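# Observations on the model geometry
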Amino acid sequence: MSSAAAAEAPANRTEMMIHAAAREVRDGDAVFVGIGLPNLAVQLARRLHAPGAHLIYESGVFGARPARLPISIGDPCLVSGAAQVLPMAETFLYFLQGRRTDLGFLGAAQIDRFGNLNTTVVGDYDAPRVRLPGAGGAPDIAWNARRTVVILRQDRRKFVERLNFRTTVGWAEGGDSRERLGASGGGPVRVITDLGVYGFDAATREMLLETVHPGVTVEEIRAHVGWPLRTAPAVTTTPEPTPEASRLLREDIDPARIYLGPA
C-alpha cells in the first residue's frame with residue numbers, strides 16, 4: 001500500500017479506540033496519562049481541540065510536551081519542555097490527593113460491570129495463574145481524579161462477572177457505594193474498547209453500551225462480556241476519525257505504527 005493510500009485508509013479498531021478516547025479530553029484538563037494508547041489519545045486531543053490540556057506522568061512530570069512518542073514512563077523526552085518536574089511522591093500528593101487532576105486514563109487485565117479493575121492476579125491470589133504488574137498509580141488516580149476513562153481491548157476473559165482481585169475501585173458495588181467509601185473523585189465515566197464505547201447508568205452505576213464501532217454488532221459485543229450486558233436506550237455508531245485526525249495519528253503521532261498496528 002502506498003503512503004497516500006495508507007493515509008486515506010479507513011480507521012482500524014485501534015485508531016477507533018484512540019479517537020474515542022481523545023474526545024474525552026477537554027481543553028484545559030489536567031490529565032494523568034500513561035504510555036501507550038492513552039498517550040496517543042491525549043496527544044491527538046491537544047492537536048485537534050484541547051491545546052490547553054496539561055499532561056501529567058506518574059514519573060513526576062507536569063505539562064509534558066514530548067517531541068516524539070515516549071517509549072516508557074521514564075523516557076527523557078517527557079522532561080524536555082515540561083512545565084514542572086517533581087518527585088513521584090509529590091506528584092501524587094499535589095495533583096491527585098490535592099484534587100488537581102481532571103481526567104485519568106487507566107488500563108486493566110479485568111473489569112467488572114461497575115468499572116472496578118484488576119491488575120494484580122488472574123486466579124487465586126496465593127496461587128495465581130498469572131501474576132500481573134500490580135497497582136501502580138491506578139488506585140490513586142481512580143480514587144481522586146474528577147473523572148476516569150478505562151481503555152482496554154474487549155475479551156470475555158477481561159470483562160468478567162467477578163474480579164479475581166480488586167486492585168482499583170470504580171463504582172464499587174454500584175449505586176452510592178463509592179460515595180459511602182469516601183472516594184473524593186468523580187469515578188469512571190467511559191470504558192473504551194476495540195469494539196465499542198460504554199458509559200455508566202446514573203442510578204445503578206452499571207456499565208451501559210453506548211456506541212459500537214463501524215462493522216461491529218451488539219450481539220458480537222455481548223459475546224465478549226461475562227455478564228448480561230445492559231445497553232443505552234439507543235445504541236449508535238462510534239464516530240470515525242476525521243481525515244485530519246487520521247493524518248495526525250499516522251503521520252505525526254505514531255508514524256512507525258508502534259501502537260496503531262497494521263494499516
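The model shown is predicted, which means the values in this text are computed figures rather than measured ones.

### Re the pairing of strand β13 (residues 207-212)
- Most of β13 is tucked away: five of the six residues are buried.
- Judged from the five bridges that link them, strand β12 (residues 196-200) and β13 form a sheet pairing that is antiparallel. The residue of β13 that forms the bridge with Gly199 is Leu208.
- In this structure, the hairpin formed by β12 and β13 is closed by a connection of six residues, where Arg205 is found at a positive phi of approximately 65°.
- Sheet topology note: the β13/strand β14 (residues 230-237) ladder contains four bridges and is parallel. Bridge assignment links Val212 to a residue of β14, and that residue is Thr237.

### Looking at the pattern of salt bridges
- One pass over the structure, following the stated rule, counts 18 salt bridges.
- In this structure, Arg250 engages Glu15 in a salt bridge whose closest nitrogen and oxygen atoms are separated by 2.9 Å. You can see Arg250 sitting in helix α8 (residues 243-253) and its partner Glu15 sitting in helix α2 (residues 13-22), a full 235 residues away along the chain.
- The exposure class assigned to Glu15 is buried, which follows from its relative accessible area of 2%.
- One salt bridge connects Arg113 with Glu161, and the closest N-O pair in it is separated by 2.8 Å. Placement of Arg113 in the loop between β6 (110-111) and β7 (117-118) and of Glu161 in the loop between β10 (147-151) and α6 (177-181) is noted, with a sequence separation of 48 residues between them.
- By relative accessible area, which is 17% here, Arg113 ends up buried.
- On the basis of relative accessibility, which here comes to 46%, the residue Glu161 falls in the partly exposed class.
- Each of Arg113, Glu161, Asp201, Glu206 and Arg230 takes part in one network of salt bridges that share partners.

### A short note on the nonpolar core
- Counting residues in each nonpolar core, the largest one holds 34 residues, and the members touching the most others are Ile111, Phe159, Val191, Tyr198, Met207 and Ile221.
- If you look at the next biggest cluster of nonpolar residues, it comprises 33 residues, including Ala20, Ala22, Leu37 and Leu40.

### Here we look at the packing of aromatic side chains
- The final tally for this structure, using the stated rule, is six aromatic pairs.
- Measuring from centroid to centroid gives 4.8 Å for Phe62 and Phe95, while their planes differ by 15°, and the two rings are stacked. Taken together, the residues span a long stretch of sequence, with Phe62 in strand β3 (residues 61-62) and Phe95 in helix α4 (residues 88-96) at a distance of 33 residues. Here Phe62 matches Phe95 in class, with each residue buried.
- A connected cluster of aromatic rings, assembled from ring pairs, spans Phe62, Tyr94 and Phe95.

### Points about the sheet that holds β14
- With mixed pairing, the ten strands of this open sheet are ordered in space as β4-β3-β2-β1-β5-β10-β11-β12-β13-β14. Here the strands that pair on one side only, and so sit at the sheet edges, are β4 (84-85) and β14.

### Some details on α2
- The element α2 is extensively covered by neighbouring structure, given that nine of its ten residues are classed as buried.
- Listed in full, the buried residues belonging to α2 are Thr14, Glu15, Met16, Met17, Ile18, His19, Ala20, Ala21 and Ala22.
- Residues of α2 that are buried make contact with α3 (37-48), β5 (103-106), β10, β11 (188-192), β12 and α8.
- Near the N-terminus of α2, the side chain that reaches the backbone nitrogen of Thr14, with its oxygen 3.1 Å away, is that of Asn12.

Definitions and cut-offs
- Residues numbered from 1 in each chain as written.
- Predicted model: local features only at pLDDT ≥ 70, side-chain atom pairs only at ≥ 80, totals over all residues.
- Heavy atoms only, no water.
- Buried < 20%, exposed > 50% of the residue type's maximum accessible area, 1.4 Å probe, protein only.
- Helix = DSSP H or I, 4+ residues; strand = E, 2+ residues; numbered from the N terminus.
- Pairing = 2+ DSSP bridges.
- Salt bridge = Lys/Arg side-chain N within 4 Å of Asp/Glu carboxyl O.
- Core = buried A, V, L, I, M, F, W, Y, C linked by side-chain atoms within 4.5 Å.
- Phe/Tyr/Trp six-rings, centres within 6.5 Å; stacked < 30°, edge-to-face > 60°.
- Contact = heavy atoms within 4.5 Å.
- Polar contact = N/O pair within 3.5 Å; in protein donor to acceptor, adjacent residues only side chain to side chain.

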